[in-house]
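Here is what each chain is made of, one letter per residue.
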Amino acid sequence: MPSSSNQITKSSNAMARVSKTSSRKPGVPVDTQLITAKGKGEITNIKPVDLSRTIRLLEDSLTVSLKERHLFTLKKIVKIYQTGFLLKDLENIFKIINICSERIKDHPEYTPFLHNLLKICGLPFLKEKTSDEVKYRDFAKHSLSQLGLLMRVPDADIRMQICASVSSFCSSPSTKPPPGFGLQPLSVGCRRELLEQSGVAETLVLSLAMLQDQLAVRLQMLQTLQLLSSFSDVNCELMLKAGAAQKLCVHMNEADPSGQLLFRSSEILWNLLERGCPQELTSQLSSLDAILCLKEAFLNQLQNGYRNYDQQLRNDLLVISTLIAENPKAPLIESGFAKQLVHFATFPELKSHNPLSRNLKLTYNNEDFEMKKLLLNAVVVMSQDLSAVQLFREGKVMLALMHLIKPPDTTQVHSQAQSSGRNWTPVQQEELQLQALATLATLAPLMLEEYMTCQANTCILMLLEWCVQEDEYFCHGHSFHGTGGRGSKKAQLRYSVRLLRTMVSLAKPVINQDLCDQGAIGLLLGLLSHLGGPDDEDEVALEIKADLQLTLSALCESDLHRKELFGAEGVDMVVHFLKMNPAKFYSGLGHSKLILSTVDCVWSCIIGCFTNEDVFLEKEGVYLLFDLIHSSPLTMHGVFLGVLLELCDNPKALPHVRAWRGPGGLSSPRLLLQLWRQEEEELGVQRDQHGRITDPLRPLVHPHQEQQAQVSNPAHMPSAAVVDVTESQRSKIYGLFCKLGFTDLPGLTTEDFITLSIVNRYLDFKTGEIWEEITRELSLEGVRPVTPDVEALATIAQATEDMAKRVMEQQKEILQKQEAEDAEREKEAYAEIKSHHRQQELTTKSWEHFVAKTSDYRILKECKKHQEKSIEASRSKATRRDSGTVYHQTHLSGLKTTTFCGRTMAIESTPAHLTGGPLANTDLALARVPITGGALRKLPQPTAPQDLEHLNAVSVQ
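Residues numbered from 1 in each chain as written. Predicted model: local features only at pLDDT ≥ 70, side-chain atom pairs only at ≥ 80, totals over all residues. Heavy atoms only, no water.

1. A closer look at the overall build of the protein
Consideration 1: The helix and strand tally for the protein stands at 47 helices and seven strands.
Consideration 2: Counting the 957 residues in the protein, one finds 44% classified as buried.
Consideration 3: Taking as baseline every contact in the protein between residues at least 6 positions apart, the subset at least 24 positions apart corresponds to 73%.
Consideration 4: Total accessible area on the protein stands at roughly 50500 Å², and carbon and sulfur atoms take up 54% of it. (Helix = DSSP H or I, 4+ residues; strand = E, 2+ residues; numbered from the N terminus. Buried < 20%, exposed > 50% of the residue type's maximum accessible area, 1.4 Å probe, protein only. Contact = heavy atoms within 4.5 Å. Areas by Shrake-Rupley, 256 points an atom, 1.4 Å probe, with all protein chains shown as cover.)

2. Regarding the packing of aromatic side chains
Consideration 1: One pass over the structure, following the stated rule, counts 14 aromatic pairs.
Consideration 2: Aromatic ring contacts, followed pair by pair, group Trp676, Tyr734, Phe737, Phe742 and Tyr762 into a single cluster.
Consideration 3: Directly above the ring of Phe231 sits Arg192, whose terminal nitrogen or CZ lies 4.2 Å from the centroid.
Consideration 4: In this arrangement the basic side chain of Lys489 is found over the ring face of Trp466, its NZ or CZ atom lying 4.3 Å from the centre. (Phe/Tyr/Trp six-rings, centres within 6.5 Å; stacked < 30°, edge-to-face > 60°. Lys NZ or Arg CZ within 6 Å of the ring centre and 35° of its normal.)

3. Focus: the nonpolar core
Consideration 1: Counting residues in hydrophobic clusters, the biggest one holds 222 residues, and the most contacted among them are Leu552, Phe566, Leu578 and Phe616.
Consideration 2: Apart from residues no more than four positions distant in its own chain, Phe566 is found in contact with Ile521, Leu525, Leu552, Cys556, Val571, Met573, Val574, Cys601, Cys605, Ile606 and Asn612. (Core = buried A, V, L, I, M, F, W, Y, C linked by side-chain atoms within 4.5 Å.)

4. A look at the state of the cysteines
Consideration 1: Within this structure, the stated rule accounts for zero disulfides.
Consideration 2: Take Cys249: it sits in no disulfide, and the sulfur closest to it among the cysteines is that of Cys293, at 5.4 Å.
Consideration 3: Under the relative-accessibility criterion, Cys249 is labelled buried at 0%. (Disulfide = S-S within 2.5 Å.)

5. Focus on the side chain of Gln161
Consideration 1: Mapped onto the elements of the fold, Gln161 is located in helix H8 (residues 156-171).
Consideration 2: Apart from the residues within four sequence positions on either side, Gln161 is in contact with His115, Leu118 and Lys119.

6. Overview of helix H33 (residues 610-618)
Consideration 1: Considered for burial, the residues of H33 that qualify are Asn612, Glu613, Phe616 and Leu617. Considered in projection along H33, the buried side chains sweep an arc of 135 degrees and stay on one side of the axis. In H33, the exposed positions that point more than 90 degrees away from the buried face belong to Phe610 and Glu618.
Consideration 2: At its buried positions, H33 is contacted by helix H31 (560-578), helix H32 (591-606), helix H34 (621-631), helix H35 (637-647) and helix H36 (653-659).
Consideration 3: The positive-phi residue at the C-terminal boundary of H33 is Glu620, with phi of around 60 degrees. (Arc of directions from axis to C-beta.)

7. Observations regarding unusual backbone geometry
Consideration 1: In this structure, the amide linkage connecting Phe347 to the following residue, Pro348, adopts the cis form with an omega of 5 degrees.
Consideration 2: Mapped onto the fold, Pro348 is located in the loop between helix H18 (337-345) and helix H19 (355-358).
Consideration 3: Positioned with a positive phi, Ala507 is a non-glycine residue whose angle comes to about 60 degrees.
Consideration 4: By the secondary structure assignment, Ala507 is in the loop between helix H27 (490-504) and helix H28 (509-517).
Consideration 5: Overall, Ala507 belongs to the exposed group, its relative accessible area being 55%.
Consideration 6: One non-glycine residue with positive phi stands out, namely Asp744, at about 55 degrees.
Consideration 7: Along the polypeptide, Asp744 turns up in the loop between helix H40 (730-740) and helix H41 (750-760).

8. A short note on the environment of Leu261
Consideration 1: Relative to the helices and strands, Leu261 is located in helix H14 (residues 260-275).
Consideration 2: On a C-alpha basis, the gap between Leu261 and Arg218 in space is 8.3 Å, while along the polypeptide they are 43 residues apart.
Consideration 3: Not counting residues within four places of it along the chain, the set of residues in contact with Leu261 comprises Arg218, Leu219, Leu222, His251, Met252, Glu254 and Asp256.

9. A word on helix H39 (residues 720-727)
Consideration 1: Where H39 is concerned, the buried positions are Ala720, Ala721 and Asp724. Each buried residue of H39 sits inside an arc of 100 degrees when the element is viewed along its axis, so together they form one side.
Consideration 2: In this structure, the buried side of H39 is in contact with helix H37 (668-683), helix H38 (703-708), H40 and helix H42 (762-780).

10. Focus on the pattern of salt bridges
Consideration 1: What the rule picks out here adds up to 37 salt bridges.
Consideration 2: Here Glu254 ties to Arg218 by a salt bridge, and the two come within 2.5 Å at their closest N and O atoms. Of the two residues, Glu254 sits in the loop between helix H13 (244-250) and H14 while Arg218 sits in helix H11 (residues 215-231), which places them 36 residues apart along the sequence.
Consideration 3: Overall, Arg218 belongs to the buried group, its relative accessible area being 6%.
Consideration 4: Between Asp310 and Arg307 there is a salt bridge; the shortest N-O distance is 3.0 Å.
Consideration 5: Owing to a relative accessible area of 53%, Arg307 belongs among the exposed residues under this scheme.
Consideration 6: Overlapping salt bridges bring together Glu680, Arg687, Asp724, Arg730, Lys766 and Glu769 as one network. (Salt bridge = Lys/Arg side-chain N within 4 Å of Asp/Glu carboxyl O.)

Without other data, these values stay purely geometric and don't point to any function.
Structure (structure tokens):
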């Protein structure tokens, strides 16, 4: 607040400006309190007013009776602040407002001024500086809170003005003030934030109890609450905290000629549903009084509302009623509302003499169509309460749904459309058909007797046959249920198959036998062949295929005759789907679900029937399963391993398992051991860098299993070790190795042999874990076994530990043997490298020697002499008279003994007719290679082995 001296100075300056203006323009009336703009009536200057002095004037005991002066001062304040209150003045302004509100009971003269001040509160607050918005935020919130508390004033006009001011404050645009002020109004966002923090919405809801006799004020209040709840989640939470839902619902049916009471109340409830807490809203509307009021309002709008506005309001009330039905504690059945909703859900499919529907007529417009869908949805929601099933039986809901799911007759639809418009359009009929199928998937398992009485299996099979027929029917597919089926019957096929899968999965012999008697297995196989292969990119088509396979699995699981009906055609289908591209697993469209349903089909429809198993093996089904294990994610391996384990009960499958080879020659035993290591790594089992056991006391235990073992489990719950057997893949891998054997396994590495030693003792280790858990649970429960049992438990624990140590020794020997083999291979590699280096050294020396001979003639001469000496030394010492060289020959019965280079050899003589006689043979044996001197040259056809120098010379040339 400015000081008094500053106010006096500013007032004198203003008076000086006014005097100058009056002297310039004589004859113009000048108000000393405010000056208006030229011809506009807009304030261009505000004379400061001392609000604290005004408060003292109103409250002081000496001036409290000066009513005329009070009214004059209030009139001046209204004129000064007619463009809005300053943020810094809000505290004093609302003190003045509160004083006026207390005096109007005895002095009605204050009422107009209070009304005007409250009207100004509907304008945006003004700020002189940007910092005022933060500086005076608390004053603004407190002022708005006091504005809501003024609803205690019994005057109707004041209350209406308060509601109007709150509505205007949060919705009026931020108009720019006239020039010359230097003031800025608060933005809409800031004003709404102030309203949220002030809690005025909660205050207004609490004041509804005071407006029972003031209908106009109540309507204005509802309009304000509707506005506050339309944009703010905080306001909706505050209103629900004050019990707005129940208070509005209980009084929505009171007399109102304008019809706004019901409309405003339903709109506020809708806003609370969208922006508030649905659970809190449902809890407040679950009282019997609220449900009866909703029931009365809905019936009134249904029977008497013919305008589009009335029908929309009726549907809104039905949505709120459906939300209440989700609360199992809501007395919807006790109030009779549920029975009426069930009756309306079967209209107009079933004729009834019920007075509620005797005069009820549908116009089949969009609002009636929406109501029909909402009623079907309400039936689904009410089915969560099993006590409502009796109402469904009495209302013949199953029969009405059977009428809706019938395939449309194209000619009949066209004739009805031409005869009259009083019927559902083809688009509406299609959407109702799909929603009826979705509703049956929820209701049919609860009403099995009615399901069989209506021959629903026959209807569904006929609908499936209609879905694959080619006719003139064109699916529009505009609805939620028709997603992915536009232009075809795929949506109807999707929901029909889903309904059939739901019923078959109940495992009721009557239903399954009835389906099989009507040829459901052959029909479903035909549908799968009609839909194509597994590489489809349509999400809806993939879902249909998966549901068809799951239905076949449920039908054939426990009946050998049905597996025979599945036959070779079904095996071909399964093999075709097992050839899916592994890259499709990660597409996100449903290929992973489809491959799981295919494997489930193998498990339920093929395994257990020898003829089907033989066909499956002939078509390389085992190879396909191993390919899937190699390429699928880790989470899917358990299903595939389980199928393989069951299939290996057939002796014919084991050769296929041993013969499988993956990429890089990967064998099936090695793949299984890799899966074992991956599983242990996923579980966190302790192993060293080579995969060996580190803790002989707990060779298979993982950390999660240790945590569960610290608590004693009830008798009906399995222990952690037993759960690990059922949930882990290690038990399945162990079972497969029991079929394959633990010896003579191809393609294993040292790491695989180390892992195999653990797999071989899996059952023994797991048995030791069970006994250890028994001992631990006895100690946790404070039970001490008898002495022989204690000794037996200790012996079992020691035997398990000794076995683990033996396995550790075996693993150590395997690793040492591998290290020795690696060392031997390393020596051989080094020897080979050394030989290569020696050969390179010899080659280098030979080359250097050759270069030396070519560059130095003396060395060449010495080499020549050395060569001649070597040749001479290699000859025999015995000489012939004519040639100087004699070969000693001895002929004994066709053999000839020859002495050559100091050695005696026996060779077969050459026949004389080939050599021309003994003399010719001797001449041939004595042939010599002439030695020529001169430069080194390459001989075209050498007759004697060349030495290393000649070879090097040739290579250099």
